[in-house]
Every structure is written in structure tokens, then in C-alpha cells.
Amino acid sequence: MVYTPSLMRKAMGYFNSFDLHLILADGRRLSFEKISQADAFLEDGDFVLDVKAGPVLALKLRRKDGLPFDIEKVDYDFDLPLKNFNRFLVPDCGRYYNRYFTPLLSWGRTISMIGGNHGNPFAAFMDHHDRIVLAIGIVGQLVEMGFTVTSPGRSLRNTLVVDRGRFRFQMNRPAGNFKLGRFTCFEEALFICENSPSWFHALHRYAEAYYQMYGSQFEILEEAFYPTWCSWVPWNSDDLNEAKILENARLAKEIGVRTIILDDGWYGPGCDSASLESNMGDYRPDVRKFPDLSGTAEKIRLLGMKSLLWVAPLAVSPEAECYQQVKGLLMEEKGRTWKSPSGFHDLCPCCPQARQLILDKIPELLAYGFDGLKVDLYNNIGSEPCTAGHNHDCTTTTQGVMRLMKEYWQRLKAIKPDALMESKNNYGNVYSAQFGSMIRGGDSPYDINNNFWNCIYPRAYSPVVHNDYLCWTSAESDHDLAILLIKQITAGVPTLSVDLAGVSESQRTVLKGWLGIYNRYLETFAKGNLEPQSGAMDVWDINGSETAIVSLLHNAKEFNWPAGKTQVLVMNGTDNHNIYTRIPETTAAVQVNLDCYLREVERTRVTLADTGTIHVPSAGLAIFDLRAESGDR
Ligand SMILES: [Zn+2]
């Protein structure tokens, strides 16, 4: 191992400068080195780079003669003193980053956002308390990306090599064989953050910078926050039918669910079917399962519930009736029609005629009477540029998906202005989060913590995030089911996917209790500001105007009391009954303790003092009323 320790730069901050390298289509390479956080005007041949310092570092590249030019690649190169970081946050769509928290997994490797990871060009490196040492984000169009750490790197013999104590990494855009495109003026900006209590805060600030530059507009519908039940997990979709949906809708309503999703398989064999024959892409109801699909939607509506219908707009099975008609619009990879591991092809999102075909299907889907669509599987897509002979108006697949998402949302809204639409981790990024009602965490059945990370990531930049659908068995205790629900409610909108007919009476009481609390405090959950109390992310605040909700997770033993609220709810997702709290001033309150079923077990007057301890049942809830403290009850 080669190791030469370097002198650490002191005081002024960790970040110093970066180099920007470009490869042009004519083979020329442009280099702009030592770009710091200051205004600069740099030249390389007949190109000029204008650097403007501000909340972000704005970069403008153009030719001196003003003519357009074609860029193949843009690389941002960083060279910093190496530190022992506690965690890494690699660029990602929010679905895989938690698998790369360990810095060592990045040494000498490229982590790619390609082939369905339509993620954010944002990376962060944390200190021993998971505060930000440095976070870097590129504010630019979303494309495939590579994040490569070259030091610590690997020798030709695959041995770890640290070059002179340096931490060197690159952000390469676009990754793989994609090319960036044609520009008259190439504009991007660099977000640089060296001081933030957590990566969640830094990602939030990056998103604010992104929205500032791109003028993103979110349409927030109250219905998007409704607890949701989905048909996906409980059965094989071969066994899906109207009776099962309606029975579950009735049971779901009783426990506080307000939206039903009819998932994959309503039109024929779903992705979970043992049958390899599929008609995915045709999207006409399977009358053996749903003799009258519009009638099913109407019956859900008459229950007073909202409904969503699943669709995978890009996917076309080889056996689908539409296959012959659309085969010229399918993606090709290296001259062969691309086929996913699940066995279906994709319409090419970079092809305007393919997108038009997809958009023209929306009226037919909405005509069944559902309140919106669950739009799925933009992530099952190839990682090579499409080689088909049809037209292309986007240069990379991610660009095509982004354009399709925008057009899909616009068309949906034009037909049904109050339509709901669910998108998912892999393609709900800082740019596209605005094209839909909510982003859902990627599939994490029976893995609540993975689901938690998948949801928390988009929560940093998107106002409505749905959990992946909670599923559990009778092996789960009532206490632990409550813990699962606390984690869900902290991360976003609670969602379920179990056959409720088989859920025990006591588990149903737990569900009804926690969904009841969620619905009762919906205003705070929906509009309150969510943030972790520290980089450890085991204590979360949801701060509304009058009410604050504190969520304690994993093994949290202490929290900071939310200041200036008349009501404070403490959800105890830990196994600790006595929680240490820091309170700025001694406060009297009435405390009501509820157990995991949300049944009142204790009502007391308490005096909350700094460095004191409060008692909250594990898997339960404490409600502190600070207004009632002076009055008699
Ligand atoms: Zn194509």
C-alpha cells in the first residue's frame, strides 16, 4: 500500500477547487482547472467559461464565435485531502444509496446511475456524527451519471492505493456510451455545501437551488396524502378479481385507508405470474377478473374512496396484440430489440412518435373512471443508447424518460385536472418530482428500514412521498406492527398491501389506531416541516404551526423538545420507555399516554424540565397539551 500522509488544509473549509473537463464530438478536449468559489473568466482555445459565484457556482461555456457545439462528456474532477468519513452518499435515485453508506465500497470504483437509475447528481461525505463535511450537487439537466473515486483507488493488481493522502473523485456526465448533446451555451451550476447537520438537510438545500434555477412547480393535492391500500403483495396477480378488491376496500375504509390502487394484473397476467405469456402493453381489462372495470371503479367511489389504476407506459410484451403495430418504436440496443429481464420490450422514450402513442393511451385508461394512475416501470430500461432507426429528439435515455414524464403529467392534467399520479424512486428526481402527485419508495416488501431510506431520500426534495406498501404476517406482534407503522408515518404517507380479510382483530386495532392518528393530524403530517434532529436520523421532527410531532426510531434515547408549540406528540418507535429530553425552559403540560393500540393508558400533569426524562410507552404515543396546563381538567 502506497501512503504518503498530506498536511491537512486548515480552517478555511474543506473544499478548495475543482477541474472541469469536456470531450467534444469532434474529439477535442477542453480543460478548465482550479475553479474555485469565485468569479472567473477562463479560456481554452476558442471556448470561454464564465464562472459566477453565488448561492451556487454558475458555469456558462460557449464558443467565442457564438456557434453551436456538440458535447460528448462533461467531467467534474475533485481533489481533496483524504479523511476518514463516517458515511458516503453516492449519486442515486434514492433506491440504492443506503447500500453504499460504507466509504470503502466506493474506493477505486464507479457507481453508475444508468439503465433505470434516473437519479440526482448529488454526493455527500459525512463526519463521525454524520454531519456534512462536503456535499456536491450538479444543477443541470438529468442524465446518466458515473461517480468514480480514483483515490483511494486500485492498482493494476487490484490492490488498494491511496495517492499521496488525497481523496479524488469524479462526476462524469453522461455515463456509458451516451453523449450529452448540442449547445450554443452550455449552462450548469455546482452546489457546494460544507456545513449541514445531515445529508437530508444538504439534499434539501441542493433541491432548493435546483428549483430556483429550473422554476419547478408542485401541485399538491390533499388526496395525495390519504392512506392507501394496494393490491400488489397479498396474492399472485393471477388470483386478482373484483370481489377481493371490493372486500379489501370495505375493510380498508374501516381502518382509515382512503385510496385503493388496482395494481399490475388487471389486464391479464401480471409480472408475478407463472405464465410467460403476457399481454402487457394492450391494457384492456381481463374480463375473467374484472367483468366491468368501470363498475369496479364506481363501487370504490361509492365507498367514498379514491382509486388508482396501474400502468407501465413503456412496457410491451412480445405476445401483446399491439406488438406488431408498435415494434418500430421499441428500443434497440446494439442493433437488437431490447428486452428486460422481466421479458418485455420498451417503447423508446427518446422517440417523439413513441411518446405520442403513450400519451394517446391516457384517455382510454382514464375512461374506466379511476381517480388517477400508478405509473410504473420507467426503471426497467436498458443502459445503452437506442440504436433503432426511428426518430430521436433526446440524446440519452434518462432525458427521454424525463421528457415523457413531463408530457404524461401535462396530458393527464389536461384531461382530468384533479387526477392523481404515483411515480417511483428511480425516476422521481429533483427535476421530475413535480410531474406527479407523489413519489413512492421503491419496492421493499418485508424490509421496513430499506423502505424508510427509500422514502426519506425523496422527502428531502418532494412534498408528497408514499411508502412502499407495508406487508406483514401474523408472525408480527401487535407491538412490532405499531413500530412498522411509526416508521411509515415518519417517512411519508402510510400504505398497506395485505389481504385485510386475514388480519387479526388485534392487528386491525393497531392499524385503525395509527391510521386514525395520521388522519387526525393530517394537516401537520402533510404541511409540517420534516427534518432529522441529527445526522444519526433516529429522531425526526414534523413541525406544524401549533403542533409538533417527534418520532423516535431504532434505539433513540433522547430528543430536543420542539420550541414554541401548544401541542407535542411523541411517537415512540424505540424499545425505551423513558426518554431523555432537552427543553429550553421548564414547562407544565397535560400528558396523555397511549399504548400500541392507541388506547389511553395514563393521563397526568407533568412539569417538563431540561435534562429531564419523560415516560412514553414503547410502540405508543404521548400527547402533550401545553395549553391545558393552567386550567383545571
Ligand atoms: Zn429509440
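Keep in mind that this is a model prediction, so the values were computed, not measured. For every chain, the first residue of the written sequence is number 1, and numbering continues from 1 onward in sequence order. Given that this is a predicted model, residues contribute local features only at a pLDDT of at least 70 and side-chain atom pairs are listed and counted only at 80 or more, while totals for whole chains, interfaces and linings are drawn from all residues. To obtain the side-chain values, all non-hydrogen atoms of the structure were included, while hydrogens and water were left out.

1. Topic: helix H1 (residues 199-214)
Taking 1.5 Å per residue, 16 residues should reach 22 Å; H1 reaches 22 Å between its end C-alpha atoms and fits that length. With a 1.4 Å probe rolled over the protein chains alone, any residue whose accessible area is under 20% of its type maximum counts as buried; one over 50% counts as exposed, and the rest are partly exposed. Numbering goes from the N terminus for both helices and strands, where a helix is a DSSP run of H or I of at least four residues and a strand is a run of E of at least two. Listed as buried for H1 are Trp199, Phe200, His201, Ala202, Leu203, Tyr206, Ala207, Ala209, Tyr210 and Tyr211. Residues adjacent in sequence count toward polar contacts only when both atoms are side-chain atoms; beyond that, a polar contact is any pair of N or O atoms within 3.5 Å, and within protein one must be able to donate a hydrogen and the other to accept it. One side-chain oxygen at the N-terminal end of H1 lies 3.2 Å from the backbone nitrogen of Phe200; it belongs to Ser198. The first or second residue beyond H1 is Gly215, which carries a positive phi of 60 degrees. Each helix should span, by expectation, one fewer than its residue count multiplied by 1.5 Å.

2. Some points on the pairing of strand E19 (residues 306-311)
Counted residue by residue, E19 has five buried out of six residues, so it is predominantly covered. Handedness of a crossover: with both strands directed away from the viewer, a clockwise path from the first strand across the helix to the second marks it as right-handed. Of the crossover connections in this fold, the one passing from strand E18 (residues 259-262) over helix H3 (residues 293-302) to the parallel E19 is right-handed.

3. Topic: the coordination of the zinc ion
Listed donor atoms are N, O and S within 2.8 Å of the metal (Na, K and Ca: 3.2 Å). As water is not included, a site may look incomplete. Coordination of the zinc ion by the protein is provided by Cys348 (SG), Cys386 (SG), His390 (NE2) and His392 (NE2), with metal-donor distances spanning 2.0 to 2.3 Å. Metal sites are grouped by the angles between bound donors: all angles between 85 and 135 degrees with four donors is tetrahedral, opposite donors over 155 degrees apart with the others between 65 and 115 is square planar for four donors and octahedral for six, and any other pattern is irregular. Around the zinc ion, the four donor atoms sit at angles spanning 101 to 118 degrees, and that spread fits a shape best called tetrahedral. In primary-sequence terms, the residues that donate to the zinc ion follow C-x37-C-x3-H-x1-H. A residue pair is termed long-range when its members are at least 10 positions apart, and Cys348 in the loop between strand E23 (345-346) and helix H5 (352-360) and His390 in the loop between strand E24 (372-375) and helix H7 (397-415) qualify at 42 residues. You'll find Cys348 and His390 in the same group, each marked buried.

4. Structural notes on the packing of helix H2 (residues 242-254) against H3
Between N-to-C directions, angles cover 0 to 180 degrees, with each direction set by a line fitted to C-alpha atoms, over the stretch in contact for helices. Following both chains from N to C, one finds H2 and H3 inclined at 10 degrees, their axes separated by 10 Å at the closest point. Taken together, the axes of H2 and H3 lie roughly parallel to each other. Contacts from Glu242, Ile245 and Leu246 in H2 reach Gly295, Thr296, Lys299 and Ile300 in H3. Note on residue classes: Ala, Val, Leu, Ile, Met, Phe, Trp, Tyr, Cys and Pro are nonpolar, Asp, Glu, Lys and Arg are charged, and everything else, Gly too, is polar. Split by residue class, the contact of H2 with H3 holds three nonpolar, two polar and two charged. The labels follow the angle: roughly parallel below 35 degrees, roughly antiparallel above 145, roughly perpendicular from 65 to 115, and oblique for the rest. In what follows, residue pairs with any heavy atoms lying within 4.5 Å of each other are defined as contacts.

5. Some thoughts on the packing of aromatic side chains
For Phe, Tyr and Trp, rings pair up if their centres lie within 6.5 Å, where Trp contributes its six-membered ring, and each pair is then called stacked (planes under 30 degrees apart), edge-to-face (over 60) or tilted (otherwise). This structure, assessed with the given rule, holds 49 aromatic pairs. Between the aromatic rings of Trp266 and Tyr283, the centroid separation amounts to 6.2 Å while the plane-to-plane angle is 25 degrees, which identifies the pairing as stacked. Taken as a pair, Trp266 in the loop between E18 and H3 and Tyr283 in the loop between E18 and H3 lie far apart in primary sequence, 17 residues in all. In this structure Tyr283 comes out as buried when scored by relative accessible area, which is 3%. Through a chain of ring-to-ring contacts, three or more aromatic side chains come together here, namely Tyr14, Phe15, Phe18, Tyr76, Phe78, Phe85, Phe88, Trp107, Phe125, Phe147, Phe167 and Phe169.

6. Describing the pairing of strand E31 (residues 547-552)
For E31, the tally of buried residues reaches six of six residues, placing the bulk of the element in the interior. Here E31 shows two buried faces, one formed by Thr547, Ile549 and Ser551 and the other by Ala548, Val550 and Leu552. Between any two strands, at least two bridges found by DSSP are needed for them to pair. Judged from the five bridges that link them, strand E30 (residues 539-543) and E31 form a sheet pairing that is antiparallel. If you follow Trp540 over to E31, its bridge partner there is Ser551.

7. Section: the environment of Cys230
Within the secondary structure, Cys230 is located in strand E17 (residues 228-230). C-alpha separation for the pair Cys230 and Glu558, spaced 328 residues apart in sequence, amounts to 36 Å. Setting aside chain neighbours within four positions, we find Cys230 in contact with Ile261, Asp263, Lys374, Tyr469, Leu496 and Ser497.

8. Details of the sheet that holds E17
Across the sheet, which stays open at both edges, the eight strands sit in the order E27-E26-E25-E24-E19-E18-E17-E28 with parallel pairing between neighbours. The sheet is open, and its two edges are formed by strand E27 (465-466) and strand E28 (495-496), each paired on a single side. Taken together, the two bridges between E17 and E28 define a ladder with parallel strand orientation. Bridge assignment links Trp229 to a residue of E28, and that residue is Leu496. In the packing of H7 onto the sheet, the strands contacted are E19, E24 and strand E25 (420-424), and the crossing angle to E25 comes to about 165 degrees.

None of this, on its own, says anything about what the molecule does.
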